[in-house]
Amino acid sequence: MTDPIFANITAVPDDPILSLTGKFLADPRSCKVNLGVGMYLDENGKTPVLNVVREAKEEILRENSPHTYIPQTGLPQYDQRVQELIFGSDSEIVRSKRAVTVQTLGGTGALKLGVDLMHWTCGINLGATSKPTWTNHNDILRLAGYEVTGYRYYNTDTGCLDFQAMCEDLNALPEKTLVILHACCHNPTGYDLSLSQWQEVIDIFRQRHLIAFLDMAYQGFKEGLHEDAQAVRLFAQSDLNFLVASSFSKSFNLYGERVGALTVVAQSQAQALCLATHLKMCARANYSNPPTFGARIVEKVLTNPDKTLEWEKELAAMRNRILKMRKALADEMSAIKAKRDFHFVTRQAGMFSFTGFTPEQVDRLASEFGIYAVRNGRICICGLNDTNVAYVAKSFAAVL
């Protein structure tokens, strides 16, 4: 018998976010509400199929194309439209072709490919994330061989962004630290930097020789596609090298198709072409070639100006529903005279809100009221609708 190599391995905890869905589904109460799911939900609690997605799918089916491999870097038109979307079609970076974009397995795959590139090609070994951050940021860095540290971002005492502390910590990082930044709709807090604060951050990156990796998973969910890309576009004007992870999971509701992109900004087209060879090697070792179907859907929409405009309207409708639910929750909490003013949720952006609830309060929400949230206090505003927001507000008030 061979040595029992797995005998001493112990199970690790389930993902704190993904495991919530199982608990929610097992709850027999009709009043239950899932505020942990990280997907857009409509008024009926369903993830809708956008009209532009439905039409693109029908067109793809009519074409009946063979299911062959696509290039390791993805569909060329898809990659081009990604660059135009994040930088702007008139961007110098786009015109000079000094960036390389690779289609990836969602935004998560873009992050993994980017940290692999920087670690194996550039020798970067230290990564930094905001405190708090999306938990997968730290896991991706750690499992890719990085030492992981953090920079302060959210002040639990004030319940607000702590920009001064953020700058202090960034200034203290060693040179060539790979720093993950949330380009918009910070997950989990919902608090974003102003444009002037972003400019200060860029100055620190230039002075300290830090490497920025901007995670932009929620472009279009704060103010609009152009407005939400302003942090990326400020970096584009800085003449710094940086990376961007982007995703169409949220903006197209294509969660299961894993449609994302990694974009790396270099100093010249020659550098970008060289980086592309390294990215293909990293992709080959991870998954070889990206999937086709979801990317073709996005490509068909973004290469058709009329369809692009229709998509922007559908995206705006999703964004406006989230804003409506933020206000509804704050107003309900005021109407029942809750111990805490919840209008802070209207100053946060994107799908998520950091409520300030303790793990114990979150546990009470689940056990006593059937309301499920992440134990760090993050809720997904998309789980709210006109029929449950009053019940959620009363439940929130009960645990304060």
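Note that the structure is a prediction, hence the values are computed from the model and not measured. (Residues numbered from 1 in each chain as written. Predicted model: local features only at pLDDT ≥ 70, side-chain atom pairs only at ≥ 80, totals over all residues. Heavy atoms only, no water.)

Talk me through the pattern of salt bridges; I want residue IDs and the actual numbers.
A full pass over the atoms with the stated rule returns 20 salt bridges. Here Glu368 ties to Arg364 by a salt bridge, and the two come within 2.8 Å at their closest N and O atoms. Of the two residues, Glu368 and Arg364 both sit in helix H14 (residues 359–369), 4 residues apart, roughly one turn of that helix. Judged by relative accessible area, Glu368 falls into the partly exposed class, the value being 42%. Connected via shared salt-bridge partners are Arg54, Glu55, Glu58, Lys307 and Glu310. (Salt bridge = Lys/Arg side-chain N within 4 Å of Asp/Glu carboxyl O. Helix = DSSP H or I, 4+ residues; strand = E, 2+ residues; numbered from the N terminus. Buried < 20%, exposed > 50% of the residue type's maximum accessible area, 1.4 Å probe, protein only.)

Describe the packing of aromatic side chains, and please don't skip the residues or the numbers.
One pass over the full model with this rule turns up 15 aromatic pairs. Ring centres of Phe87 and Phe242 lie 6.4 Å apart, and the angle between their planes is 80°; this geometry places the pair in the edge-to-face category. With Phe87 in helix H3 (residues 76–87) and Phe242 in strand E9 (residues 242–247), this pair connects stretches of sequence that are 155 residues apart. Here the two residues Phe87 and Phe242 agree in accessibility, since each one is buried. Residues Phe342 and Phe344 carry aromatic rings whose centres are separated by 4.9 Å and whose planes lie at 45° to one another, so their mutual orientation is tilted. With respect to burial, Phe342 and Phe344 carry one shared label: buried. Three or more aromatic residues joined by ring pairs form one cluster here, namely Phe87, Trp198, Phe205, Phe235 and Phe242. (Phe/Tyr/Trp six-rings, centres within 6.5 Å; stacked < 30°, edge-to-face > 60°.)

Could you give me a rundown of the packing of helix H2 (residues 51–63) against helix H13 (residues 305–335), with the residues and numbers involved?
Interaxial distance between H2 and H13 falls to 8 Å at its minimum, and their mutual angle equals 140°. By the angle class used here, H2 and H13 are oblique. The residues of H13 that touch H2, namely those facing Asn51, Val52 and Glu55, are Lys307, Glu310, Trp311 and Glu314. Residues belonging to the contact of H2 with H13 are distributed by class as follows: 2 nonpolar, 1 polar and 4 charged. (Axes fitted to C-alpha atoms, helices over the stretch in contact; angles between N-to-C directions. Parallel < 35°, antiparallel > 145°, perpendicular 65-115°, else oblique. Contact = heavy atoms within 4.5 Å. Nonpolar A, V, L, I, M, F, W, Y, C, P; charged D, E, K, R; others polar.)

Provide a residue-level description of the environment of Arg233, including the pertinent values.
On the secondary structure map, Arg233 appears in helix H10 (residues 230–236). Note on Arg233: relative accessible area 12%, which makes it buried. Residues Arg233 and Phe248, 15 residues apart in the sequence, show an inter-C-alpha distance of 19 Å. When neighbours within four sequence positions are excluded, Arg233 is seen to be in contact with Glu84, Leu85, Ile86, Phe87, Gly88 and His226. Within the structure, the side chain of Arg233 is placed 3.0 Å from the backbone oxygen of Leu85, a separation counted as a polar contact. At a separation of 2.6 Å, a polar atom in the side chain of Arg233 contacts the side chain of His226. (Polar contact = N/O pair within 3.5 Å; in protein donor to acceptor, adjacent residues only side chain to side chain.)

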